[in-house]
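The lines below spell out each chain.
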Amino acid sequence: MSAEPGTAAAATSEPFRCATSARRRGDPLVATATPARRWLLVEHPGPWPFNAFASDAIAPDVLAELAAAIRPARSRLLMIRRPGRQVSGADRRWAVLDNDAGHEQVWGTWRDSADLREAAAAVREPLPTTDVPARTTLLVCTHGRHDVCCAIRGRPVAAALAERWPEDTWECSHIGGDRFAANVIVLPGGTTYGNLDAASAVDVVGSHLAGAVVPEYMRGVASAPPYGQAAVVAVHERYGPLPPEAVRFVGGRRTSETGWEADVEVLDDGRATHFVAHVETREQAPAMLTCGAHVETSAKAYAVTRLEQR
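So, here is what we can say about the structure in this document. Note that the coordinates shown come from a computational prediction; the quantities given were computed from them, not determined experimentally.

## Side note on the overall build of the chain
For the chain, the count of helices and strands is 7 helices and 13 strands. Within the chain, the fraction of its 310 residues that count as buried is 51%. In the chain, the proportion of contacts linking residues at least 24 apart, taken out of those at least 6 apart, comes to 66%. Total accessible area computed for the chain in this model is approximately 14,300 Å², and 51% of it derives from carbon and sulfur atoms. Distance between charge centroids for the chain: 3 Å, based on 33 positive and 37 negative side chains.

As structure tokens, then:
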């Protein structure tokens, strides 16, 4: 595969790296988070193939049951593992987590594929509400077989976060947006950050957990479609610092072939302020968007042109 014109890889023998190229192009982070309402996490130390669930780690009939369970629940199925050395023979974990911090989290263990039928059943059922503070889960994409940038940039970030938050940090399989590696998802809430390194990741996650989102690194929130993510990020940029749970996408509508309106609610001391964001989309210039790409493709960019209080 030839390197992109104008990159260092084109001028030297360096291999093409999608994350390096994306930074040079200035690809926008905003509105690139993977939408999901619920997350099914299955611990398996690997190695993970390109399709993390294509290995023989889970029996085909059980994997089919898991896949069938997540589709109607608008869930995302991810492999997870602890950063660093893996302990062989230990019970592996699974979890069903909602974006909503007010819902219970379901955690279990498995040794045999059949044990994961309990996870499939948990995905299908509504999670009860709770007043117990939600446990934080930090997911760092390190899926090198899917994209080498995720391994090169993700593993140092996972190690740094694990040193600071050892019980909360997991490496995970492909979450999308390889060119923004290193990528981190914070659950509950589904806030997704990109373009991180080991130092910035600790600062960004620390600020997030302390109640101040860092919009500079924010790709979006899993609870909103792309145009809604753009609106949420715009509110954080203009009215922050704000806690992640203070800004919520509540709905929207298409206004033209390239335009949307997004309704956003901001909570402060029990009071709700409502905003309408006017969002425009455009096609970016075609580029190699992953390390394994064979052709240039165009990504869609979302920009908030006006933000009005209602």
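## Let's talk about the sheet that holds strand E11 (residues 259-268)
On the basis of which strands lie adjacent, the open sheet formed by 4 strands has the order E10-E11-E12-E13 and antiparallel pairing. This sheet does not close on itself; its edge strands, each paired only once, are strand E10 (247-254) and strand E13 (300-309). Looking at each pair of strands side by side, their axes are set apart by 30 degrees on average, direction ignored. Along the sheet, helix H7 (residues 226-239) makes contact with E10, E11, strand E12 (271-283) and E13, crossing E13 at roughly 55 degrees.

## Quick word on the nonpolar core
Core analysis: the largest hydrophobic core is formed by 40 residues, its most contacted members being Leu161, Val184 and Val279. Broken down by element, this core gets its largest block of residues, 7 residues, from H7. Not counting chain neighbours up to four residues away, the residues in contact with Leu161 comprise Val140, Pro166, Thr169, Val184, Ala201, Val202 and Val205. Phe53, Met79, Ala122 and Val123 belong to the second-largest nonpolar core, a separate cluster that totals 24 residues.

## Looking at the layout of surface pockets
Volume-wise, the largest pocket comes out at about 830 Å³. Among the secondary structure elements, those contributing two or more residues to the lining of the largest pocket are strand E7 (184-187), helix H6 (198-209) and E10. Here the lining of the largest pocket gets 3 residues from one element, more than from any other, and that element is E10.

Reading guide: rules and limits
- Residues numbered from 1 in each chain as written.
- Predicted model: local features only at pLDDT ≥ 70, side-chain atom pairs only at ≥ 80, totals over all residues.
- Heavy atoms only, no water.
- Helix = DSSP H or I, 4+ residues; strand = E, 2+ residues; numbered from the N terminus.
- Buried < 20%, exposed > 50% of the residue type's maximum accessible area, 1.4 Å probe, protein only.
- Contact = heavy atoms within 4.5 Å.
- Areas by Shrake-Rupley, 256 points an atom, 1.4 Å probe, with all protein chains shown as cover.
- Lys, Arg positive; Asp, Glu negative; His and termini not counted.
- Charge placed at Lys NZ, Arg CZ, Asp CG, Glu CD.
- Pairing = 2+ DSSP bridges.
- Axes fitted to C-alpha atoms, helices over the stretch in contact; angles between N-to-C directions.
- Core = buried A, V, L, I, M, F, W, Y, C linked by side-chain atoms within 4.5 Å.
- 1 Å grid on protein atoms, 1.4 Å probe; cavity = no way out; pocket = protein on both sides within 12 Å on 5 of 7 lines; lining within 4 Å.
- Points joined across faces, edges and corners; volume = space filled by probe spheres on them.

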